[in-house]
Amino acid sequence: MNLRLQGQLFCTFSFFVILVYLLGFSLDKKVEWLVLIALITLLGIPHGALDAILAKPLYKINSPMQWLIFLTAYLALAAAVVLIWWAAPTFFLIGFLIISAIHFSTDIEGHFSRIYRFTYGSCILVLPALLYAPEMHILFAFVAGEEAANMVMAGLRPIAIPWLIASIFLAVAHIRKDRFSSVEFLAVIAVASFLPPLLAFTIFFCGMHGPRHIMRAYRFANLDSGTALLKAMILPMIFVLGAFISAWVLFPSTQLDGQLIQILFVILAALTVPHMLVIDRLSHASSSGY
Ligand SMILES: CC1=C(/C=C/C(C)=C/C=C/C(C)=C/C=O)C(C)(C)CCC1
Ligand SMILES: [Fe+2]
């Protein structure tokens, strides 16, 4: 499969889900959230599990000692993010959204300006504030507390409409240059505008960001089979699942969905910082295909 086909599948699936949703099909909110949390954990997070095989050629890791240094640095960065979440949740949430938008902007194939990429990468984080501000507020409050949620929503609400207009404008303006990217951009805009925040994020993360990253990593690391890919991913995945379950057992809460959403996104944010550094280095390595 190539990236273009994956993009087309993503667009088709997105429009299908939007249609089903607009026709009135919906689950109980709590059930919906639990299903989406499971999907993000099982289908989305694993793309980060490839960081180890990407890092090997990038940082020229050859000995066990070098692996130990890489792993320690990776986990120390992740731990630092958890500390920031604990000490300064508002700063954490704003920082998480900004670096995520930058990270997602690498999904687009081809040469586009930074503004185009950043607008694309931020759509999924900004546009749900158009129709789903109250739900977004609840989710942010689960992750980083009421005060952080208030601040972030106060920032997102007024920019949502201009953001939508700018996004549509940029997508349409580039249609001649690359119609595949433009249609993908429009699909992300539609998903982010019409669907509730967590559903929109899940479709984007599991249908666009994760698969695209896995396919590029597969190419870059010269893996020759699906088995080699799974082998490379299994250990880090067990580790993340272990961290998730430990956090869940160690910090009991009466509100299952809120607690799971908090653990999921704090772990995601923590892993995103070292993950981004690996991907950023990769995108600067010539001929990496990123
Ligand atoms: C917290 C939260 C959101 C933001 C999620 C982010 C910012 C995820 C970033 C993930 C990354 C960067 C993964 C890397 O591969 C939403 C979906 C807007 C609304 C619901 C609550
Ligand atoms: Fe990623």
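Within an unreviewed UniProt entry, the label attached to the protein reads Probable beta-carotene 15,15'-dioxygenase, and the organism entered is Polynucleobacter brandtiae. In the Subcellular location (unreviewed entry) part of its UniProt record, the protein is described as follows: "Cell membrane".

*Asks:* When you look at the overall build of the protein in this model, what are you seeing that I'm missing?
*Replies:* A count of helices and strands for the protein gives 13 helices and 0 strands. Helices and strands in the protein line up, N terminus first, as α-α-α-α-α-α-α-α-α-α-α-α-α. For 290 residues, the compact-globule formula gives about 19 Å, and the C-alpha radius of gyration of the protein, at 19 Å, lands near that figure. Taking the principal axes of the C-alpha coordinates as reference, the protein spans close to 55 × 50 × 30 Å. Residue pairs at least 24 apart in sequence account for 77% of intrachain contacts in the protein once pairs closer than 6 positions are excluded.

*Asks:* Teacher, can you tell me more about the environment of R157 here?
*Replies:* Tracing the backbone through its elements, the reader meets R157 in helix 9 (residues 146-173). The spacing of R157 and A129 is 28 residues in sequence and 5.7 Å in space, taken between C-alpha atoms. Setting aside its immediate chain neighbours within four residues, R157 contacts A129 and A133.

*Asks:* Can you walk me through the nonpolar core in this structure?
*Replies:* Of all hydrophobic cores here, the largest spans 66 residues; its most connected members are F140 and V188. When residues in this core are grouped by element, the largest group, 10 residues, is from helix 13 (residues 256-284). Apart from residues lying up to four places away in sequence, F140 is in contact with L93, A148, A149, V152 and M153. One finds I53, L229, V278 and L282 within the second-largest nonpolar core, a separate group that totals 11 residues.

*Asks:* Before we go on, may I ask you to explain the site of ligand 1 in this structure?
*Replies:* The environment of ligand 1 is formed by 17 residues, the closest being S100, L139, P197, F201 and T272. Broken down by secondary-structure element, the contributors of at least two residues to the shell around ligand 1 are helix 5 (89-104), helix 8 (133-144), helix 11 (197-220) and helix 13. Residue composition of the shell around ligand 1, by class: 12 nonpolar, 5 polar and no charged.

*Asks:* Even after reading the chapter, I still don't get helix 2 (residues 29-44), so can you show me in this structure?
*Replies:* Quick reminder: α-helices carry 3.6 residues per turn. Residues three or four places apart thus point the same way. For helix 2, the complete set of buried residues consists of W33, L36, I37, I40 and G44. The buried residues of helix 2 occupy one face: seen down the axis, they fall within an arc of 105°. Facing away from the buried side of helix 2 by more than 90 degrees, the exposed set consists of V31 and L42.

*Asks:* How should the UniProt feature "binding site: Fe cation" (unreviewed entry) in the protein be read in this particular structure?
*Replies:* In the numbering adopted here, UniProt assigns the feature "binding site: Fe cation" (unreviewed entry) to H47, H103, H209 and H213. The named residues occupy 167 residues along the chain; their greatest pairwise C-alpha distance, 13.1 Å, places them in one compact cluster. Among the structural elements, H47 can be located in the loop between helix 2 and helix 3 (51-58). Discounting residues that sit within four places of it in the chain, H47 has contacts with G210, H213 and I214. Considering the arrangement of structural elements, one finds H103 in helix 5. The residues contacting H103, other than those within four sequence positions of it, are G121, T272, M276 and I279.

*Asks:* Could you clarify how one ought to interpret the packing of helix 2 against helix 13 in this entry?
*Replies:* Helix 13 packs onto helix 2 with a crossing angle of 25° between their chain directions and a minimal axis gap of 10 Å. Viewed along their axes, helix 2 and helix 13 adopt a mutual orientation that is roughly parallel. Both helix 2 and helix 13 take part in a crossing whose hand is left-handed. Facing K30, W33, L34, I37, I40 and T41 of helix 2, the residues of helix 13 in contact are D257, L260, I261 and L264. Along the lines of polarity and charge, the residues of the contact of helix 2 with helix 13 split into 7 nonpolar, 1 polar and 2 charged.

*Asks:* Explain the environment of A80 to me, please; I cannot follow it from the model alone.
*Replies:* Following the sequence through the fold, A80 ends up in helix 4 (residues 64-87). It is 34 Å that separates the C-alpha atoms of A80 and L131, two residues lying 51 residues apart in sequence.

*Asks:* Help me out: how do you make sense of unusual backbone geometry in this one?
*Replies:* A negative phi angle is the norm for most residues apart from glycine, just as the trans form is the norm for most peptide bonds. A positive phi is found at K60, a non-glycine position, where the angle reads about 50°. With respect to the helices and strands, the residue K60 is situated in the loop between helix 3 and helix 4. Taking the number of C-beta atoms within 10 Å as the measure of exposure, K60 has 8 and is therefore exposed.

*Asks:* I keep staring at the packing of helix 6 (residues 114-126) against helix 10 (residues 179-194) and nothing clicks. Help me out?
*Replies:* Think of two packed helices as two axes; the pair is described by the angle between the axes and how far apart they sit. The contact between helix 6 and helix 10 brings their axes to 8 Å, and the two run at 20°. When the interaxial angle is binned, helix 6 and helix 10 end up roughly parallel. Crossing hand, helix 6 versus helix 10: left-handed. Seen from helix 6, the contacting residues are Y120, C123 and I124; seen from helix 10, they are F185, V188, I189 and A192. In terms of residue class, the contact of helix 6 with helix 10 is made up of 7 nonpolar, no polar and no charged.

Procedures and definitions
- Residues numbered from 1 in each chain as written.
- Chains lettered and ligands numbered in written order.
- Predicted model: local features only at pLDDT ≥ 70, side-chain atom pairs only at ≥ 80, totals over all residues.
- UniProt positions renumbered as here; feature names shortened; annotations may be inferred.
- Helix = DSSP H or I, 4+ residues; strand = E, 2+ residues; numbered from the N terminus.
- Rg over C-alpha atoms; globule rule 2.2 N^0.38 Å.
- Contact = placed C-beta atoms within 7 Å.
- Core = buried A, V, L, I, M, F, W, Y, C linked by C-beta atoms within 7 Å.
- Buried ≥ 20, exposed ≤ 12 C-beta atoms within 10 Å, placed from the backbone.
- Near = placed C-beta within 6 Å.
- Nonpolar A, V, L, I, M, F, W, Y, C, P; charged D, E, K, R; others polar.
- Arc of directions from axis to C-beta.
- Axes fitted to C-alpha atoms, helices over the stretch in contact; angles between N-to-C directions.
- Parallel < 35°, antiparallel > 145°, perpendicular 65-115°, else oblique.
- Left-handed = near helix turned anticlockwise from the far one by under 90°.

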